[in-house]
Amino acid sequence: MSTLRVLLLGTPEIRWGEEILPIQRRYPRALLIYLASTGTLIGREELLTVFWEDESEKTARLRLRETLSKLRSALPDSNLLLSRDNLIGLDIERVWVDQLNFERHCNQFWNIAKQIPHQDPLPDNIYKSLKEAAELWRGSRFLSGVSLPSTSLLDGWLSRTSQRTEQQRGMVLHRLSDHAFVTGNLEESLRLADGAFIYIPAGAMPVSGQVTLRVIPIATLPSQQHANLLRYGYAF
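What counts and how
- Residues numbered from 1 in each chain as written.
- Predicted model: local features only at pLDDT ≥ 70, side-chain atom pairs only at ≥ 80, totals over all residues.
- Heavy atoms only, no water.
- Helix = DSSP H or I, 4+ residues; strand = E, 2+ residues; numbered from the N terminus.
- Contact = heavy atoms within 4.5 Å.
- Areas by Shrake-Rupley, 256 points an atom, 1.4 Å probe, with all protein chains shown as cover.
- 1 Å grid on protein atoms, 1.4 Å probe; cavity = no way out; pocket = protein on both sides within 12 Å on 5 of 7 lines; lining within 4 Å.
- Points joined across faces, edges and corners; volume = space filled by probe spheres on them.
- Nonpolar A, V, L, I, M, F, W, Y, C, P; charged D, E, K, R; others polar.
- Pairing = 2+ DSSP bridges.
- Phe/Tyr/Trp six-rings, centres within 6.5 Å; stacked < 30°, edge-to-face > 60°.
- Buried < 20%, exposed > 50% of the residue type's maximum accessible area, 1.4 Å probe, protein only.
- Lys NZ or Arg CZ within 6 Å of the ring centre and 35° of its normal.

1. Thoughts on the overall build of the chain
Each helix and strand counted, the chain has 9 helices and 9 strands in total. Of the contacts made within the chain by residues no fewer than 6 positions apart, 67% connect residues no fewer than 24 positions apart. For the chain, the accessible surface area stands at approximately 12,000 Å², while carbon and sulfur atoms represent 49% of it.

The structure is reproduced here in structure tokens:
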């Protein structure tokens with residue numbers, strides 16, 4: 001049975017097998033993204049408030065019915081969209097979401113990884129799992145370039161989810177950078193540390209990461225990268 005793949009870590013993309021699904025209508029696409037990101041069944045009342053908070057209840061219910069109908073029509077299998085009693089959601093057994101998989105990896109392995117001193121390499125299974133999680137990202141931003149309908153609740157959800165997932169990625173990249181450094185892969189350590197800088201201000205870095213001095217024998221680096229890496233504990 002085919003799986004719907006919803007890719008949110010970067011520019012949003014919906015895939016059915018090898019085919020990209022062009023769900024162009026704004027509200028059906030936004031609803032699909034929201035349902036995929038939450039990964040659970042959501043009450044109709046919540047969806048009415050999130051997407052149509054400024055509309056009357058009658059109008060909002062009509063808009064939701066129309067949006068659900070259009071989304072079902074756009075999906076390769078209408079049964080991917082579930083409606084149970086007063087709950088709406090995706091059949092998570094048949095829908096794979098990169099964000100949910102990234103967060104599952106982080107929740108499962110990050111608490112272990114952060115207990116290991118930064119000057120020590122990660123156990124092989126932890127390293128591989130965090131590396132796999134980091135590689136789920138296809139771009140530097142959550143829902144990069146997306147244009148969602150604007151309501152206070154939807155804007156707030158997007159802001160919170162972006163901040164949470166991007167900070168998680170930054171912490172993972174930083175820890176992988178430490179691992180690469182202590183295992184002698186300097187080039188990879190630099191690449192990962194430079195990537196982590198996008199997400200995490202220096203003041204928000206783990207204390208253990210801030211006090212680790214990394215002396216690297218490189219005379220020249222691009223000036224911005226050089227400045228970034230100095231903030232992350234590298235010496236030149």
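Still to come is the rest of the account.
2. Some remarks on the layout of surface pockets
Take a probe with the size of a water molecule and roll it over the atoms, and the empty space left behind shows itself. Approximately 260 Å³ is the volume found for the largest pocket. If you go around the largest pocket, you meet 17 residues; those closest to its centre are Leu173, Leu176, Glu188, Arg191 and Leu192. Residue assignment for the lining of the largest pocket shows that the elements contributing at least two residues are helix H5 (124-134), helix H6 (152-182) and helix H7 (186-197). Ranked by residue count, the leading element in the lining of the largest pocket is H6, at 5 residues. Per-class residue counts for the lining of the largest pocket are 7 nonpolar, 5 polar and 5 charged.

3. Regarding the sheet that holds strand E2 (residues 13-16)
Sheet architecture is open: 4 strands sit in the order E3-E2-E1-E7, paired in mixed fashion. The sheet is open, and its two borders are formed by strand E3 (19-20) and strand E7 (95-97), each paired with just one other strand. Pairing of E2 with E3 involves 2 bridges; the strand directions are antiparallel. Residue pairing in the sheet places arginine 15 in a bridge with isoleucine 20 of E3.

4. Quick notes on the sheet that holds strand E4 (residues 42-43)
On the basis of which strands lie adjacent, the open sheet formed by 3 strands has the order E4-E6-E5 and antiparallel pairing. In this open sheet, the two strands that pair with only one neighbour each are E4 and strand E5 (81-84). By the bridge criterion, 4 bridges tie E5 to strand E6 (residues 87-90) in an arrangement that is antiparallel. Each residue of the ladder has a partner; that of serine 83, found in E6, is isoleucine 88.

5. Observations regarding the packing of aromatic side chains
Per the counting criterion, the structure on display carries 7 aromatic pairs. Consider the rings of tyrosine 34 and tryptophan 157, whose centres lie 5.1 Å apart with planes at 65 degrees: the pair is edge-to-face. Of the two residues, tyrosine 34 sits in helix H1 (residues 26-38) while tryptophan 157 sits in helix H6, which places them 123 residues apart along the sequence. Take tyrosine 34 and tryptophan 157: they sit in the same class, and that class is buried. Positioned over the ring face of tryptophan 96 is arginine 5, at 4.2 Å from the centre of the ring.

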